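# Observations on the model geometry
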There are 2 protein chains.
Amino acid sequence: MWAASVTVALLLSTNVAFAQTFKRLGGCPRLGCVFPPDQTDFLVGQYFDIRLEVHAPVNGTETANGGVPDEKFTFCVQRGKGACTDAAKFFGVKEPALEKWSFSYFEDLFAQDAGASTAVNVASKAYRGLRLTTPGTYQAKLKYYSGSETVANWIVREPAKKRKAKNVLLFIGDGMTQAMITAARLIAHKSVNGRYQSLMQMDQMDYLGHQMTHSLDSFITDSANSATSLYTGKKASVGALNVYADSSPNSFDDAKIETIAQLFRRVIGGPIGMVSTAVIADATPAALCAHTRDRNQFPQIIQEYLDGASSVNSTFNWPTSCDGPDVVFGGGAENFIAGPKSPGGADYYKVFQAKGYNVVYNNKELQKVATDKKTLGIFSKSNMAKWIDRNVYPQNLLNQKNSPTGDGTDAVDQPGLKEMTLKAIDILQTRQKKKNTGWFMMSEAASIDKMMHALDYDRALGELLELDDTIRATIAHLKKIGEYENTLIVVTADHGHGFDVYGNADTTYLAAQTDDRKKRNAIGVYENAGLSGYTVAEGSLPTNDTVVYGSEGANFPVQWNPRYAYAAGFGANPDHREGYAVNQKGPRVPATKGSTGENEVNPVDQASGFIVNGTLPVSQGQGVHSLQDVSVFANGPGGKAFRGVYNNIDIFFKIADALGLGSK
Amino acid sequence: MWAASVTVALLLSTNVAFAQTFKRLGGCPRLGCVFPPDQTDFLVGQYFDIRLEVHAPVNGTETANGGVPDEKFTFCVQRGKGACTDAAKFFGVKEPALEKWSFSYFEDLFAQDAGASTAVNVASKAYRGLRLTTPGTYQAKLKYYSGSETVANWIVREPAKKRKAKNVLLFIGDGMTQAMITAARLIAHKSVNGRYQSLMQMDQMDYLGHQMTHSLDSFITDSANSATSLYTGKKASVGALNVYADSSPNSFDDAKIETIAQLFRRVIGGPIGMVSTAVIADATPAALCAHTRDRNQFPQIIQEYLDGASSVNSTFNWPTSCDGPDVVFGGGAENFIAGPKSPGGADYYKVFQAKGYNVVYNNKELQKVATDKKTLGIFSKSNMAKWIDRNVYPQNLLNQKNSPTGDGTDAVDQPGLKEMTLKAIDILQTRQKKKNTGWFMMSEAASIDKMMHALDYDRALGELLELDDTIRATIAHLKKIGEYENTLIVVTADHGHGFDVYGNADTTYLAAQTDDRKKRNAIGVYENAGLSGYTVAEGSLPTNDTVVYGSEGANFPVQWNPRYAYAAGFGANPDHREGYAVNQKGPRVPATKGSTGENEVNPVDQASGFIVNGTLPVSQGQGVHSLQDVSVFANGPGGKAFRGVYNNIDIFFKIADALGLGSK
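Residues numbered from 1 in each chain as written. Chains lettered and ligands numbered in written order. Predicted model: local features only at pLDDT ≥ 70, side-chain atom pairs only at ≥ 80, totals over all residues. Heavy atoms only, no water.

Secondary structure assignment for chain A yields 17 helices and 30 strands. With respect to the principal axes defined by its C-alpha atoms, chain A has extents near 80 × 65 × 50 Å. Residues classed as buried in chain A amount to 67% of the 664 residues present. Pairs at least 24 apart in sequence give 73% of the contacts found in chain A among residues at least 6 apart. Summed over its atoms, the accessible surface of chain A is roughly 21300 Å², and 50% of this surface lies on carbon and sulfur atoms. Each charge class in chain A was averaged separately, 66 positive and 67 negative side chains, and the resulting centres sit 7 Å apart. (Helix = DSSP H or I, 4+ residues; strand = E, 2+ residues; numbered from the N terminus. Buried < 20%, exposed > 50% of the residue type's maximum accessible area, 1.4 Å probe, protein only. Contact = heavy atoms within 4.5 Å. Areas by Shrake-Rupley, 256 points an atom, 1.4 Å probe, with all protein chains shown as cover. Lys, Arg positive; Asp, Glu negative; His and termini not counted. Charge placed at Lys NZ, Arg CZ, Asp CG, Glu CD.)

Okay, structure coming up:
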């Protein structure tokens with residue numbers, strides 16, 4: 001009932017997503033669109049949908065056929081050099097019904113300023129729940145407007161013959177670049193005469209690679225479409241979770257793709273874990289199990305975790321699902337507490353309990369909970385607290401009224417990524433024992449990205465160091481339980497931010513100056529960058545430094561507020577102020593909306609700093625994602641395949657090969 | 001004669017380099033200094049000097065011993081757990097004479113503003129031309145001020161037993177980061193639905209690694225000290241070439257270290273090649289053969305190429321030299337043409353000819369010159385022309401009056417990095433034949449860095465693509481001459497710049513706006529970044545794109561000035577204007593000095609753009625280096641060792657191992 005009403009609301013909505021660079025539709029440069037598009041690779045037997053569209057722009061530069069889309073289009077598929085067979089026959093499915101709709105977009109910024117939109121009428125069909133079970137090359141051909149043709153070249157990759165890894169643990173440092181790893185190493189590991197005395201765990205992994213993160217239709221990616229690529233081996237569009245974004249009004253009817261988690265559940269029947277420091281319906285965890293063009297549909301995403309994609313759009317059947325991941329740990333209690341943000345307004349803690357889940361709300365309960373049942377752990381409203389706030393400035397946990405129970409108290413006993421991940425391993429390990437299936441888990445350090453968006457470099461690096469500490473502890477724990485040799489560990493990111501450190505800032509001198517141009521003279525570059533002030537107590541010689549944060553052990557800064565702080569930045573900023581001092585009162589808010597509705601310098605942020613005018617559209621109050629390749633680190637069986645330079649979609653195939661998923 | 005007069009001038013100079021972060025002396029946190037300092041690794045038999053200093057600050061926070069340095073300091077060296085033996089005895093050299101001098105520095109920016117300097121009196125000794133020929137651990141102990149001790153732990157690494165590579169070709173993309181490689185790929189290689197249809201040569205190398213670039217005494221590095229690390233396996237200070245920067249006034253008396261090129265010459269006796277698109281006395285080529293604390297001493301550096309370090313400071317003997325590299329190709333004719341910038345004012349083309357060199361001045365002569373003799377090719381005054389200017393905007397080569405002959409004409413026939421590198425291979429290959437020694441060459445794409453400094457992203461990426469094209473052509477050429485299987489190819493950088501692409505810019509819309517904040521709305525982020533406009537002719541469908549630049553083949557942009565340009569930037573800028581359009585009239589000058597002497601927005605640069613106020617000290621008119629690890633790509637024998645994450649000094653040891661240099 002609830003799902004149906006949501007669907008109706010969406011159908012009535014006129015909020016159609018605009019396409020990339022103000023073009024008509026991502027992944028469809030022609031008037032005839034085939035999804036999956038040209039250059040798509042499949043795992044043998046992986047489920048997918050096909051969406052076809054024929055466009056007739058009514059006005060604008062691409063006006064075609066008097067605005068009437070060709071309803072008589074044909075579509076055939078061929079394997080290798082075989083005959084091109086009508087798709088319904090090729091796949092052995094019923095011919096889909098013709099669908100029709102319209103959408104509009106702006107061709108460029110001038111058109112947008114003038115309010116001059118371009119209307120497009122569409123004729124479409126969708127084929128649901130298909131599979132290609134024979135490796136090889138395929139061509140899918142859409143013919144329309146008597147003579148036009150859109151060809152999609154597909155490859156079903158030859159699968160690995162043998163399963164190498166029993167378990168797979170995929171760590172995602174959201175937004176994490178090599179420049180951030182370098183900066184985290186600088187502040188957390190002591191260096192003597194240019195040589196580190198200890199290293200990041202990532203530095204010590206056995207296999208190193210790089211992955212390219214571009215979207216299907218934009219060279220910049222977001223966490224939804226990049227996670228889609230990592231988990232399905234398919235390129236997608238910004239905001240899309242495991243679907244090819246079509247132009248229809250309904251964000252749940254787009255062509256879907258089966259994910260690595262769904263494959264692990266369907267093919268191997270083993271337990272799945274989903275851990276994140278973000279709202280648990282956020283893109284990176286969501287992409288394990290959910291299918292929607294719009295990553296912001298949090299309630300439906302939670303519903304999909306339990307009941308699959310067909311539960312939010314019952315007009316067709318999607319044959320594969322996560323079927324309730326065995327571990328779901330993260331934030332975002334607002335999507336579980338009965339109310340406007342929960343699925344259908346229901347108490348979703350109860351819904352999970354009714355499906356057999358243990359439910360825990362804080363670290364104490366997490367540590368105590370039995371490992372035999374599926375477990376839901378929701379530890380705060382919104383995103384979880386940051387490592388710095390939990391460990392260095394715990395007063396920032398107060399007065400948040402973010403208890404996951406919804407009782408209006410503060411979520412002061414939140415676990416970190418390490419605590420969640422280690423407990424998740426124990427639960428998955430117990431739950432796989434009966435059939436010895438092994439397990440699959442994704443564990444995300446989500447707030448590397450979230451804090452980089454906020455230009456809160458220190459908090460972002462704290463999250464990165466927590467990720468590294470989690471990997472270190474995970475390796476030790478896997479060794480202890482005898483699963484290390486069986487476990488493929490992959491550490492990577494989904495995209496970058498253009499962050500880098502370029503010197504130091506004498507924060508005392510900077511604060512003492514009253515003129516913005518003089519404040520800039522506090523920056524030391526080249527030889528004046530000097531040494532890291534974070535690894536030694538202020539004023540002590542390198543040999544005299546002492547403690548680190550109690551329970552965390554080494555691998556974190558000795559102090560976060562040295563006089564000589566690192567100076568860092570992005571090429572892409574909102575208007576803001578830079579003072580380079582740690583934000584001791586909580587996560588940074590660099591820009592706020594002024595009276596005009598445009599983002600302006602937040603007057604209370606980094607108050608002793610100097611103003612940096614932005615390079616981003618004034619609609620952006622935060623930093624944005626960037627282009628650069630991100631690093632991949634791997635250990636364990638199947639890990640060798642992660643060496644070298646490749647596309648983000650290849651991560652899916654490498655994991656699938658390690659698990660032997662295509663050989664079944 | 002000339003050398004002596006330079007030395008005198010330096011002794012009279014009061015221009016003493018200030019130490020890092022306004023500290024007393026880099027690499028010397030205590031009052032007693034040992035160079036090579038703690039944490040130094042040596043190749044077996046590698047020559048080095050030792051410099052000891054005992055400091056007595058007269059005033060300031062470290063005031064000691066009434067400003068009188070301890071002249072009775074002692075210094076001993078021990079191997080393993082052996083007895084600590086007086087150094088002169090340990091090395092079998094004469095006890096050096098005591099040296100004394102003074103220097104001053106500012107303790108911080110407040111002191112600098114107040115003109116309140118700190119004076120330091122120094123007692124010192126230097127041991128010259130030493131070697132450690134037994135692998136193992138060593139301790140060097142300086143005792144001073146009755147009870148103070150500075151200990152340096154040294155390791156002589158166990159050498160590889162066997163030579164793997166006959167030839168070594170080290171490519172350095174100066175300032176090149178993975179973000180730049182990603183951006184270069186974006187503009188030069190066609191992508192269909194998020195998947196590249198061709199790749200960079202670097203992407204296809206067999207072995208991938210990362211190196212950390214920090215200086216000895218600053219976490220930011222420059223091209224001098226990073227090249228020192230790459231070529232000697234030792235950390236050094238900003239500006240220093242193959243020496244440990246001491247506090248003495250003379251920049252040629254610092255403790256020296258033998259380089260990979262000198263080792264190749266001395267141990268194997270094979271030919272050496274030095275190729276750069278920069279002034280050939282610039283830091284990256286200079287560090288192959290020269291020794292000075294001050295990289296700006298171009299005339300002396302050129303002299304050292306031919307006659308070794310002792311020729312510029314004859315007060316002591318440095319026993320190893322490049323002895324005139326067999327190939328010297330680059331720019332910087334001003335250091336060869338008789339005049340104020342050449343060594344001793346002499347015509348250094350003639351000096352090279354007198355030493356048996358062929359000398360060429362343009363690409364035509366370069367192509368024709370015989371391969372049997374040593375060859376000097378100087379192709380322009382100053383740095384050489386950029387790829388974009390040679391290939392896309394050749395009118396920018398005119399009116400430069402930069403002919404290397406000094407005749408006041410334009411250097412219009414300059415070779416590119418590819419032409420220089422391929423010819424260098426042929427010369428080295430011929431010259432090694434008699435003794436079948438193999439050869440060593442460094443080939444530098446210098447202006448990736450120089451153009452990133454100028455915020456001229458397009459020119460920088462053009463240089464990067466030329467480097468990639470050079471590597472591709474080199475592999476093909478080595479295969480053709482039968483040396484590919486014998487040659488270790490290493491491609492890396494010396495440091496980064498915090499460059500990244502974060503979206504696109506609609507340059508037409510941007511130029512049409514009159515308000516700076518509205519101009520910023522021309523930036524498209526995430527889905528609006530869209531596709532690369534550089535790989536297809538404007539307006540054409542992806543299938544219709546056609547030609548690329550004539551002789552260069554593919555792997556470069558089809559156009560450099562698309563309407564939708566990439567939007568990129570740094571976190572560290574001088575005041576400047578951003579319009580994101582290619583600079584068609586020559587390299588960019590983002591900032592110029594205003595009436596106050598401070599750098600301000602250059603009023604004629606990117607005139608249609610919007611103003612971005614800087615984040616750097618107003619003394620900086622350019623971008624600066626950054627912290628991030630840089631990538632290493634390798635092919636060939638010994639290449640496997642370049643996988644993983646390591647320090648820049650390790651590059652030296654990996655190359656030395658591939659050449660078996662320590663086993664002789």
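Continuing now.
All names here are of chain A. Throughout the structure, instances matching the rule amount to 54 aromatic pairs over all chains. A network of ring pairs unites the aromatic residues F42, F48, F90, F91, Y138 and W154 as a single cluster. When the ring centre of F316 is taken as origin, the NZ or CZ atom of R128, which lies over that ring, is 3.8 Å away. Across from the ring centre of F653, 3.9 Å away, lies the NZ or CZ of R157, which sits over that ring. (Phe/Tyr/Trp six-rings, centres within 6.5 Å; stacked < 30°, edge-to-face > 60°. Lys NZ or Arg CZ within 6 Å of the ring centre and 35° of its normal.)

Where like charges cluster on the molecular surface, the positive patch consists of K640(A), R643(A), K640(B) and R643(B). Position of K640(B) among the secondary structure elements: in the loop between β29 (630–635) and β30 (644–647). Using a relative accessible area of 53% as the deciding quantity, one classes K640(B) as exposed. (Patch = residues over 30% accessible without salt bridge, like charges linked within 9 Å, V, L, I, M, F, W, Y side chains within 5 Å. Salt bridge = Lys/Arg side-chain N within 4 Å of Asp/Glu carboxyl O.)

Quick look at the sheet that holds strand β5 (residues 85–86) of chain A now. Residue and element names in this part refer to chain A. The strand order across the open sheet built from five strands is β2-β9-β8-β4-β5, with neighbouring strands paired in mixed fashion. Across the chains shown, the open sheet's two edge strands, defined by having one partner strand only, are β2 (40–42) and β5. Examined bridge by bridge, β2 and strand β9 (residues 148–156) share three bridges and lie parallel to one another. Counterpart to D41 in the pairing with β9 is I155. (Pairing = 2+ DSSP bridges.)

In this section: the sheet that holds strand β3 (residues 48–57) of chain B. All names here are of chain B. Spatially, the four strands line up as an open sheet ordered β1-β3-β7-β6, and their pairing is antiparallel. Strand pairing shows two members of the sheet lacking a second neighbour, β1 (32–35) and β6 (99–105), which therefore form its edges. Neighbour-to-neighbour, the strand axes of the sheet open up by a mean angle of 25°, direction not taken into account. As paired strands, β6 and strand β7 (residues 118–130) are joined by seven bridges and run antiparallel to one another. Looking across to β7, one finds that Y105 is bridged to T118. (Axes fitted to C-alpha atoms, helices over the stretch in contact; angles between N-to-C directions.)

The next subject is the relation of the copies chain A and chain B. With an RMSD of 0.0 Å, chain A superimposes on chain B once it is rotated by 180° and translated 0.0 Å along the axis. Here the symmetry operator amounts to a two-fold rotation axis. For chain A, the residue whose C-alpha comes nearest the rotation axis is G571(A), separated from it by 2.4 Å. Counting the interface residues of chain A, we find that 100% of their copies in chain B are interface residues as well, pointing to one common contact surface. (Least-squares fit on C-alpha atoms with pLDDT ≥ 70 in both.)

Now for the UniProt feature "binding site: Zn(2+)" (unreviewed entry) in chain A. Residues and elements named next belong to chain A. Here, UniProt's "binding site: Zn(2+)" (unreviewed entry) annotation points to D174, D449, H453, D494, H495 and H625. Spatially, the listed residues are clustered: although they cover 452 residues, their C-alpha atoms lie within 14.3 Å of one another. As for its placement among the helices and strands, D449 is situated in helix α13 (residues 447–453). Non-local contacts of D449, meaning those with residues more than four positions away in its chain, are made with D174, G175, H495, H497 and H625. Residue placement: D494 occurs in the loop between β21 (487–492) and β22 (500–506). Excluding its chain neighbours within four sequence positions, the residues that come into contact with D494 are I172, G173, D174, G175, T213, T221, S223, S226, L230 and T284. There is a polar contact of 2.9 Å between the side chain of D494 and the backbone nitrogen of G175. (UniProt positions renumbered as here; feature names shortened; annotations may be inferred. Polar contact = N/O pair within 3.5 Å; in protein donor to acceptor, adjacent residues only side chain to side chain.)

With that settled, the discussion passes to the interface of chain A and chain B. On the chain B side, the residues contacting the 112 residues of chain A number 113 residues. In total, chain A and chain B occlude about 9200 Å² of area from one another, counting both sides; carbon and sulfur atoms represent 57% of this. Inspection of the chain A/chain B interface yields twelve salt bridges. Linking R517(B) and E598(A) is a salt bridge whose minimum nitrogen-to-oxygen distance equals 2.9 Å. Joining chain A to chain B, the criterion identifies 56 residue pairs in polar contact (both at pLDDT 80 or more). Of the residues in the side of chain A that touches chain B, the class split is 46 nonpolar, 43 polar and 23 charged. (Buried area = accessible area lost by both parts, 1.4 Å probe. Nonpolar A, V, L, I, M, F, W, Y, C, P; charged D, E, K, R; others polar.)

Quick look at the domain arrangement of chain A now. All names here are of chain A. Domains assigned within chain A are domain 1 (2–6 + 26–156), domain 2 (167–498 + 624–663) and domain 3 (502–569 + 573–612). Across the boundary between the two partners, domain 1 contributes 29 residues, which contact 36 residues of domain 2. Roughly 2400 Å² of surface becomes buried between domain 1 and domain 2 when both sides are summed, with 63% attributable to carbon and sulfur atoms. Joining domain 1 to domain 2, the criterion identifies three salt bridges. Here D49 makes a salt bridge to K256, at a shortest N to O gap of 3.0 Å. Between the two partners, domain 1 and domain 2, sit twelve residue pairs in polar contact (both at pLDDT 80 or more). Among the secondary structure elements, those contributing two or more residues to the side of domain 1 that touches domain 2 are α1 (2–12), β2, β3 (48–57), β6 (99–105) and β7 (118–130). Of all the elements, β3 adds the most residues to the side of domain 1 that touches domain 2, at six residues. Split by residue class, the side of domain 1 that touches domain 2 holds 15 nonpolar, seven polar and seven charged. (Domains from an automatic or database assignment.)

Time to look at the UniProt feature "active site" (unreviewed entry) in chain A. Residues and elements named next belong to chain A. Per the UniProt record, "active site" (unreviewed entry) is found at S223. Position of S223 relative to the elements: it lies in helix α5 (residues 223–232). Within the local environment of S223, its side chain forms a polar contact with the side chain of D174, the two groups lying 3.1 Å apart.

The subject of this paragraph is the environment of S198(B). All names here are of chain B. Considering the arrangement of structural elements, one finds S198 in the loop between β12 (195–196) and β13 (207–212). Along the primary structure S198 and A554 are separated by 356 residues, whereas in three dimensions their C-alpha atoms are 9.4 Å apart. Leaving out residues up to four positions away in the same chain, S198 has contacts with H189 and K190. Within the local environment of S198, its side chain forms a polar contact with the side chain of H189, the two groups lying 2.6 Å apart.

Attention now goes to the pattern of salt bridges. Counted according to the given criterion, the structure contains 76 salt bridges over all chains. Taking the shortest distance from any N to any O, the salt bridge between D41(B) and R195(A) comes out at 2.7 Å. Of this pair, D41(B) sits in strand β2 (residues 40–42) while R195(A) sits in strand β12 (residues 195–196), each in a different chain. Across this residue pair, the class does not change: D41(B) and R195(A) are buried. One salt bridge in this structure joins R472(B) and D469(B), with 3.1 Å as the shortest N-O distance. One end of the pair is R472(B) and the other is D469(B), both in helix α14 (residues 457–480) and three residues apart, which spans about a single turn. Here R472(B) and D469(B) have matching classes, each one buried. A cluster of three or more residues bridged by salt bridges with shared partners is formed by R51(A), E99(A), D246(A), D253(A), D254(A) and R293(A).

Residues and elements named next belong to chain B. By the element assignment, A286 lies in helix α7 (residues 283–286). Along the backbone, A286 and T228 are 58 residues apart, and their C-alpha atoms lie at a distance of 9.4 Å. Other than its neighbours up to four places away in sequence, A286 contacts L241, N242, I280, A281, I301 and Y305.

Right, let's get into the packing of helix α5 (residues 223–232) of chain B against helix α17 (residues 648–658) of chain B. Residues and elements named next belong to chain B. Where α5 contacts α17, the two axes come as close as 5 Å, and the packing angle between them is 30°. Comparing their axes, α17 and α5 come out roughly parallel. Listed contacts from α17 to S226, S229, L230, Y231 and T232 of α5 are N648, I649, I651 and F652. Partitioning the contact of α5 with α17 into residue classes produces five nonpolar, four polar and no charged. (Parallel < 35°, antiparallel > 145°, perpendicular 65-115°, else oblique.)

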